[in-house]
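# Per-entry structural report
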Amino acid sequence: MSLAPQDLPADELARLGALAERLAREAGALVRDGRPRRVDVAATKTSPIDVVTAMDLASEALLRRVLHEERPDDGILGEEEGHAAGTTGVTWVVDPIDGTVNYLYGIPAYAVSVAAVTGPPVPGEWTVQAACVHAVADGRTWTAVRGGGAFLDGERLAVNPPAPLAASLVGTGFGYTVERRRAQGRVVAALLPRVRDIRRIGSAAMDLCTLANGGLDAYFERGLAPWDLAAASLVAQEAGAVVTGLRGAAAGTAMTVAGPAATVATLVALLEELDADDDAP
Ligand code: IPD
Ligand code: CA
């Protein structure tokens, strides 16, 4: 039997899955044990409220160091240090802390997110092969390998059955720029009267993983970066979610919508009607 380019042998998938989990747990231990009582901002990125802490940098450095020791020829794409191409066809897409603002304030919803992808490390072009999202504060750990199901602390996951939008708890998130937020405010204002309620957890990876274990009925967000999406999108898909964009596009920066197929169909139609993939106010 010949393997399609996106198919990996089972033993390689298992190796990638085990390393993803080891990386996420080791970086998670650093983030947890090294958190000072007051966290300082080390730098800002796209706007004054898009922050980086010393721990984002230290966690990514740990992930890069272990990857370099274990799989020196793979590529790495991380939030803080960007892309280093490899030669094996596997790229690790890592977020050293997803939910940095929660980390800053001591709100316990932040995670280390690690994925191994093949193909270009670009949403819609990659195939996510293995994933781990480790919630640092309480230790919950979501894992998945492609075709093998999704798990939370070893327990197999399934998304909630589809519900009407009016009975659906919908997670979302907001970007860091004023223009993006004006548009996101417009969309949320239109959506809020039509859903059970909205949740803004503050970590896109934990939103998608929470959807996988039935803690949300649906999720959408504009502006996700590859490291926000890679690992958690596989967890959600392996738990039975559809993860997609608007207007036939794949999930990605323009828009990500996730949930059971019927809920996603309704939500996508509504978000398209609202031009939720446009930053116009
Ligand atoms: C952010 C979180 C947040 C989402 C933002 C992301 P970061 O990631 O995932 O929930 O709304 O779009 O940028 O900055 O904490 O790694
Ligand atoms: Ca981050």
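Shown above is the structure to which this text applies.
Notes on the structure in this doc start here. (Residues numbered from 1 in each chain as written. Chains lettered and ligands numbered in written order. Predicted model: local features only at pLDDT ≥ 70, side-chain atom pairs only at ≥ 80, totals over all residues. Heavy atoms only, no water.)

## What about a nonpolar patch on the surface?
Taken together, the side chains of Ile49, Val101, Tyr105, Ile107 and Tyr176 make up a nonpolar region of the molecular surface, amounting to roughly 480 Å² of accessible area. With respect to the helices, strands and loops of the structure, valine 101 is situated in helix α3 (residues 100-105). (Patch = residues over 30% accessible without salt bridge, like charges linked within 9 Å, V, L, I, M, F, W, Y side chains within 5 Å. Areas by Shrake-Rupley, 256 points an atom, 1.4 Å probe, with all protein chains shown as cover. Salt bridge = Lys/Arg side-chain N within 4 Å of Asp/Glu carboxyl O. Helix = DSSP H or I, 4+ residues; strand = E, 2+ residues; numbered from the N terminus.)

## Focus on the packing of helix α5 (residues 204-212) against helix α6 (residues 226-238)
At a closest axis distance of 8 Å, the pairing of α5 and α6 adopts a crossing angle of 0 degrees. Here α6 runs roughly parallel to α5, going by the angle between their axes. Note on element contacts: α6 touches α5 through Asp228, Leu229, Ala232, Ser233, Val235 and Ala236, opposite Ala204, Ala205, Leu208, Cys209, Leu211 and Ala212. Its residues assigned to classes, the contact of α5 with α6 comprises 10 nonpolar, one polar and one charged. (Axes fitted to C-alpha atoms, helices over the stretch in contact; angles between N-to-C directions. Parallel < 35°, antiparallel > 145°, perpendicular 65-115°, else oblique. Contact = heavy atoms within 4.5 Å. Nonpolar A, V, L, I, M, F, W, Y, C, P; charged D, E, K, R; others polar.)

## Remarks on the coordination of the calcium ion (ligand 2)
Each protein donor to the calcium ion (ligand 2) is listed here as Glu79 (OE), Asp95 (OD), Asp95 (OD) and Ile97 (O); together their distances run 2.0 to 3.1 Å. When the donor residues of the calcium ion (ligand 2) are listed from N- to C-terminus, their spacing reads E-x15-D-x1-I. We classify isoleucine 97 as buried; its relative accessible area is 2%. (Donors = N, O, S within 2.8 Å, 3.2 Å for Na, K, Ca; no water. Buried < 20%, exposed > 50% of the residue type's maximum accessible area, 1.4 Å probe, protein only.)

## Observations concerning the sheet that holds strand β5 (residues 90-98)
Taken together, the eight strands give an open sheet; going across it, the order is β4-β3-β5-β6-β7-β8-β9-β10, and neighbouring strands pair in mixed fashion. Each end of this open sheet is capped by a strand with a single partner; those strands are β4 (82-84) and β10 (155-156). Strand direction decides the pairing type here: strand β3 (residues 75-78) and β5, joined by four bridges, are parallel. Bridging from a neighbouring strand, glycine 75 pairs with threonine 91 of β5. Helix α2 (residues 54-70) contacts β3, β4, β5 and β6 (111-118) of the sheet and is inclined by roughly 155 degrees relative to β5. (Pairing = 2+ DSSP bridges.)

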